[in-house]
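Take a look at the letters that make up each chain.
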Amino acid sequence: MPIAAPLRVLQVTDLHLKTQPGSRVWGVDVDAGLSAVLAHIREKHPVVDFILATGDLVGDDPEAYTRVRQALEPLDVPVHCLPGNHDFPAALGRRLHDGPVRWQRHVVAGDWQFVLLDSSFPGTPEGHLAPGELALLDTVLAMDPERHAMICLHHNPVPIDTPWLDTMTVGNGEALFAVLDRYPQVRAVVWGHIHAEFSGRRGAVHLLAAPATCVQFKPGTPEPQVDERPPGYRWFELHPDGRLETGVERVEPSRMPASARRAST
Ligand SMILES: [Fe+2]
């Protein structure tokens, strides 16, 4: 009997692009980091079904969504976006409402479904899921109990043992899990925001985060501390029976352009 091919999905996150090319976040050139990650993807993962872009697509610059589209469209696969705390959900929805790079709330692919939530809350870096987001989640999971589900959002819904970032989790994470606990088809919750790799479990549900495409933060520190590791992304192989394989890739340090390393000034 032929074995059905797994779904191949990548997660990129926290691009922090601005209108002006070459802008820096914590001293790191965001465009150089993204270019290095995209080159790595083209070389190592040339065949994927789609990409998830889990927020902070722009760095407090609503005009930069044009540059997000220009950077990601050449990958020639759908890129499903959602907003983070440095995004503008209304502008994101307007600028990325069609075409291959877009914000779509519910994506169905083979035996899997993906729900893309907005955990941003105006005026604060902290996360929150509004009643409408929780209702959307509840509705789509109730509609399709047979299809394995991956839930995507920007903020971490659980503490990650990095004290300064743990002040910015999804404030009502318990409400999220109250919904998820009613749907056994949920296989994973996936986020960005922490600019670091994370992997955990909550019962049978994988809890996963990916490194940013720009600056990295050291896990476990009480105050923000830049991690000199290069940028990266997460890959998934999602099997028809609900099994999930995943890992993180980082750009080789030798292939990082100098501008993508932290500037001293
Ligand atoms: Fe970010």
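Structure shown above.
Overview of the structure. Keep in mind the model is a prediction, meaning the values are calculated, not measured.

To continue, consider the sheet that holds strand S6 (residues 101–102). Sheet strands associate in pairs through backbone hydrogen bonding, adopting either a parallel or an antiparallel arrangement. With mixed pairing, 6 strands are arranged side by side in an open sheet as S6-S5-S4-S1-S15-S16. The open sheet has two edge strands with one neighbour each: S6 and strand S16 (244–250). The sheet contact formed by strand S5 (residues 79–82) and S6 spans 2 bridges and is parallel. Looking at S6, one finds that Val79 is bridged to Val101. Strands strand S1 (7–12), strand S15 (232–238) and S16 of the sheet are contacted by helix H1 (residues 30–44), whose axis makes an angle of about 35° with S15.

With that out of the way, let us pick up the packing of helix H4 (residues 131–143) against helix H5 (residues 173–180). At a closest axis distance of 10 Å, the pairing of H4 and H5 adopts a crossing angle of 15°. What the angle tells us is that H4 and H5 run roughly parallel. The handedness of the crossing between H4 and H5 is right-handed. Here H4 contributes Leu134, Leu137, Asp138 and Leu141 to the contact with H5, which in turn contributes Ala175, Leu176, Val179 and Leu180. Class assignment of the residues belonging to the contact of H4 with H5 gives a composition of 7 nonpolar, no polar and 1 charged.

This part is about the packing of aromatic side chains. All chains considered together, the criterion is met by 5 aromatic pairs. Relative to Phe217, the ring of Trp26 lies with its centre 5.4 Å away and its plane at 80°, an arrangement referred to as edge-to-face. Placement of Trp26 in the loop between strand S2 (24–25) and strand S3 (28–29) and of Phe217 in strand S13 (residues 216–217) is noted, with a sequence separation of 191 residues between them. Ring centres of Trp164 and Phe217 lie 5.0 Å apart, and the angle between their planes is 85°; on these two criteria the pair is classed as edge-to-face. Placement of the pair is Trp164 in the loop between strand S9 (148–152) and H5 and Phe217 in strand S13, with a sequence separation of 53 residues. Of the residues examined, Phe217 reaches a relative accessible area of 7% and is grouped as buried. Taken together, the aromatic side chains of Trp26, Trp164 and Phe217 make up a single cluster linked through ring pairs.

Before going further, it helps to examine the nonpolar core. In this structure, Phe114, Met150, Ile151 and Trp191 are the most contacted members of the largest nonpolar core, which totals 88 residues. When residues of this core are assigned to their parent elements, the largest contribution, 7 residues, is made by H1.

The topology assignment puts Pro89 in helix H3 (residues 89–95). On the accessibility criterion, Pro89 (26% relative accessible area) is partly exposed. Sequence separation between Pro89 and Pro62 is 27 residues; the distance between their C-alpha atoms is 9.3 Å. With near-sequence residues (within four places) excluded, Pro89 lies in contact with Pro83, Trp103, Asp118 and Ser120.

Moving on, we come to H4. In an α-helix, one turn spans 3.6 residues; hence positions three or four apart end up facing the same way. With 13 residues, H4 ought to run about 18 Å at 1.5 Å a step, and its terminal C-alpha atoms sit 18 Å apart, in line with that. Those residues of H4 that fall on the buried side of the exposure criterion are Glu133, Leu134, Leu137, Val140 and Leu141. Along the long axis of H4, the arc covered by the buried residues comes to 135°, so they all point the same way. Facing away from the buried side of H4 by over 90 degrees, the exposed positions are Pro131 and Met143.

A few words now on helix H2 (residues 65–72). Within H2, burial applies to Tyr65, Val68, Arg69 and Leu72. What you see down the axis of H2 is that its buried residues fit within an arc of 95°, all on one side.

When a metal carries six donors in an octahedron, the ideal angles between them are 90 or 180 degrees, while four donors in a tetrahedron ideally lie at 109.5 degrees. On the protein side, the iron ion has Asp14 (OD), His16 (NE2), Asp56 (OD) and His195 (NE2) as donor atoms, found 2.1 to 2.3 Å from it. Around the iron ion, the 4 donor atoms are arranged such that angles at the metal cover 88 to 176°; this shape is classified as irregular.

Conventions used here
Residues numbered from 1 in each chain as written. Predicted model: local features only at pLDDT ≥ 70, side-chain atom pairs only at ≥ 80, totals over all residues. Heavy atoms only, no water. Pairing = 2+ DSSP bridges. Helix = DSSP H or I, 4+ residues; strand = E, 2+ residues; numbered from the N terminus. Contact = heavy atoms within 4.5 Å. Axes fitted to C-alpha atoms, helices over the stretch in contact; angles between N-to-C directions. Parallel < 35°, antiparallel > 145°, perpendicular 65-115°, else oblique. Left-handed = near helix turned anticlockwise from the far one by under 90°. Nonpolar A, V, L, I, M, F, W, Y, C, P; charged D, E, K, R; others polar. Phe/Tyr/Trp six-rings, centres within 6.5 Å; stacked < 30°, edge-to-face > 60°. Buried < 20%, exposed > 50% of the residue type's maximum accessible area, 1.4 Å probe, protein only. Core = buried A, V, L, I, M, F, W, Y, C linked by side-chain atoms within 4.5 Å. Expected span 1.5 Å × (residues − 1). Arc of directions from axis to C-beta. Donors = N, O, S within 2.8 Å, 3.2 Å for Na, K, Ca; no water. Tetrahedral: all angles 85-135°; square planar, octahedral: opposite > 155°, others 65-115°.

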